[in-house]
Amino acid sequence: MPPGPWLALAVAGLLFLALPLPPSPASSPSLRDLLPYAKEEREVWVAVHLRNKASLHLLLGEEAARAYDRLLRLELANQRAGKRSCFAQPKEALAAAQAWVEALGQAYRGRPVDLSPFPAAPHHVLPHAQAIRAAAGALRIPAGVLAAIVDNEQHGGDKVLGLSRGVREAADALAQGLAELQGQAPLSRTLGLAQMSWEDALKQEARLSRFGAWDPAKPFPRTEAEARRALEDPYLNLLFTASRLRGYFNALLGLSQEDTRPLEDHWLFYLGPAWHNYPLRAQNLETWEDSFHGFFKGLLYGLILEGRWHLKGPILFPLRAWGPGAVETLPSPSLQLFP
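Please read all numbers here as calculations on a predicted model, not as lab measurements. (Residues numbered from 1 in each chain as written. Predicted model: local features only at pLDDT ≥ 70, side-chain atom pairs only at ≥ 80, totals over all residues. Heavy atoms only, no water.)

A. Highlighting the sheet that holds strand β4 (residues 309-312). Strand order in this open sheet of three strands is β1-β5-β4, and the pairing throughout is antiparallel. In this open sheet, the two strands that pair with only one neighbour each are β1 (113-114) and β4. Here two bridges tie β1 to strand β5 (residues 315-318), and the two strands are oriented antiparallel to one another. From the neighbouring strand, Val113 faces β5, where its bridge partner is Leu316. (Pairing = 2+ DSSP bridges. Helix = DSSP H or I, 4+ residues; strand = E, 2+ residues; numbered from the N terminus.)

Set out below in structure tokens:
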């Protein structure tokens, strides 16, 4: 008599139980596992990280603190894995983060902020504060993200005693002339405040129209020469940059290209400067100067662009309004903040 179906099912069940179980997903390493120091020194740096996180929670909220924690762990994991990172040692990254959090605390309280320890160029950003707010608002992204991109690009242009900026400006002028005479230029593809490429600028018409961000009475650029002229206008440069950035954010967040809702995720302060500066590195979640410091620049500009500040050397000073109608907006002295 042939075996019944129950015997076949029993054999199949035994074979299934004998198969090896699939491996469990590897858990992310703890912060202590990412710190290659002796126990006492390691605990010192763990305490620094926790203070930074607690301070950001009090200053800017839980989401900002989580984004900071994610950035630090990403930087330390990249160091350990041999991927591109901003610093060579974990303690260097944690010390830099601590300095940034202290600067954010000073800005939040409306006190002078010394930016000399940081690779920052606020003298290029503050004169365009209104245009940055307007362009970011038109595409409904955080203004600090756009300000950080401007700072990164302009700080890069200031390097090598101005040689980089001089070469860039000369190439821009030559390219503009060639584009007007010949219709195209084989050099200087990015230009302006945020170093926006003229090719990408020409692709932004549909999105800018969808957001109601383009003046319908103003003709949209159609040629390389027209795009280059438009990008020399600070506001239009920022507007095209914000539009390109919004397209990236929509795609990354799984939103349709027609989605125009405001975006407020604090992780955008890493993603925006990283992707604008080097898309492939950003896609690989690498960390380097423009992405690591860009995150903190975004948080800082998100604070100071809401008020009025002026520079004396590398130090930012708040300007306060006096007289009828002036409103004190600083936090209550009874509120204890860290650091």
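B. How the structure looks around helix α11 (residues 224-231). Burial analysis of α11 places six of its eight residues in the buried class, the great majority of the element. For α11, the set of buried residues is Glu224, Ala225, Ala227, Arg228, Ala230 and Leu231. (Buried < 20%, exposed > 50% of the residue type's maximum accessible area, 1.4 Å probe, protein only.)

C. Molecular detail of the pairing of β4. Strand direction decides the pairing type here: β4 and β5, joined by four bridges, are antiparallel. Paired with Leu311 across the bridge in β5 is Leu316. Linking β4 to β5, which pair antiparallel, is a turn of two residues; within it Gly313 sits at a positive phi near 65°.

D. Layout of the packing of helix α6 (residues 129-139) against helix α12 (residues 234-252). Packing of α6 against α12 leaves a shortest axis separation of 9 Å and a crossing angle of 35°. Where α6 crosses over α12, the two elements pack in a sense that is right-handed. Along the contact surface, α6 presents Ala131, Ile132, Ala134, Ala135, Ala138 and Leu139, while α12 presents Tyr235, Leu238, Leu239, Ala242, Ser243 and Arg246. Split by residue class, the contact of α6 with α12 holds ten nonpolar, one polar and one charged. (Axes fitted to C-alpha atoms, helices over the stretch in contact; angles between N-to-C directions. Left-handed = near helix turned anticlockwise from the far one by under 90°. Contact = heavy atoms within 4.5 Å. Nonpolar A, V, L, I, M, F, W, Y, C, P; charged D, E, K, R; others polar.)

E. Main features of unusual backbone geometry. Of note, Arg140 is a non-glycine position whose phi angle comes to about 60°, a positive value. Within the fold, Arg140 resides in the loop between α6 and α7 (143-157). Of note, the phi angle at Leu285 is positive, near 55°, even though the residue is not glycine. Mapping Leu285 onto the fold places it in the loop between α14 (279-283) and α15 (289-304).

F. Molecular detail of the packing of helix α4 (residues 90-108) against α15. The interhelical angle for the contact between α4 and α15, taken along N-to-C directions, is 5°, at an axis separation of 9 Å. In terms of axis orientation, α4 runs roughly parallel to α15. Counting all contacts with α4, which are made through Ala93, Ala96, Ala97, Trp100, Ala103, Leu104, Ala107 and Tyr108, the residues of α15 involved are Phe292, His293, Phe296, Lys297, Leu299, Leu300, Leu303 and Ile304. Taken together, the residues that form the contact of α4 with α15 break down as 14 nonpolar, one polar and one charged. (Parallel < 35°, antiparallel > 145°, perpendicular 65-115°, else oblique.)

G. Expanded view of the confidence of the model for the protein chain. The share of residues in the protein chain with pLDDT of 70 or more is 77%, and the mean pLDDT across the chain is 84. Between residues 15-26, whose pLDDT stays under 50, and residues either more than four places distant or in other chains, the model counts zero contacts. Within the model, pLDDT remains below 50 along residues 328-339, and this stretch shows 19 contacts once partners closer than five positions in the same chain are excluded. (pLDDT = per-residue confidence, 0-100.)

H. Structural context of the side chain of Ser291. By the secondary structure assignment, Ser291 is in helix α15. Take Ser291: its relative accessible area is 0%, and that puts it in the buried class. Ignoring any residue separated from it by four or fewer positions in sequence, one finds Ser291 in contact with Tyr270, Ala274 and Glu286.

I. Representation of the nonpolar core. Membership of the largest hydrophobic core comes to 89 residues, with the highest contact counts inside it found for Leu239, Phe240, Phe249, Phe295 and Phe296. Ranked by residues supplied to this core, first place goes to α4 with nine residues. Residues contacting Phe249, with those up to four places away along its chain left out, are Ile141, Val145, Leu263, Leu268, Leu271 and Gly272. (Core = buried A, V, L, I, M, F, W, Y, C linked by side-chain atoms within 4.5 Å.)

J. View of the environment of Thr223. Position of Thr223 among the secondary structure elements: in the loop between α10 (205-210) and α11. Residue classification places Thr223 among the partly exposed residues on the basis of a relative accessible area of 37%. With 24 residues separating them in the primary sequence, Thr223 and Glu199 have C-alpha atoms 9.2 Å apart.

K. Expanded view of the environment of Gly298. Relative to the elements of secondary structure, Gly298 occurs in helix α15. For the pair Gly298 and Asp151, spaced 147 residues apart in sequence, the C-alpha to C-alpha distance is 9.4 Å. In this structure, Gly298 is in contact with Gly144, Ala148 and Phe269, ignoring residues within four places of it in sequence.

L. Geometry of the pattern of salt bridges. Under the counting rule described, the total for this entry stands at 15 salt bridges. With a shortest N-O distance of 3.0 Å, Arg228 and Glu224 are connected by a salt bridge. Here Glu224 and Arg228 lie together in helix α11, a separation of four residues that amounts to about one turn. Pair check on accessibility: Arg228 and Glu224 agree, each one buried. Across the pair Asp259 and Arg246 runs a salt bridge, and its minimum N-O distance is 3.9 Å. Here Asp259 is found in the loop between α12 and α13 (268-277), whereas its partner Arg246 is found in helix α12, with 13 residues between them in sequence. (Salt bridge = Lys/Arg side-chain N within 4 Å of Asp/Glu carboxyl O.)

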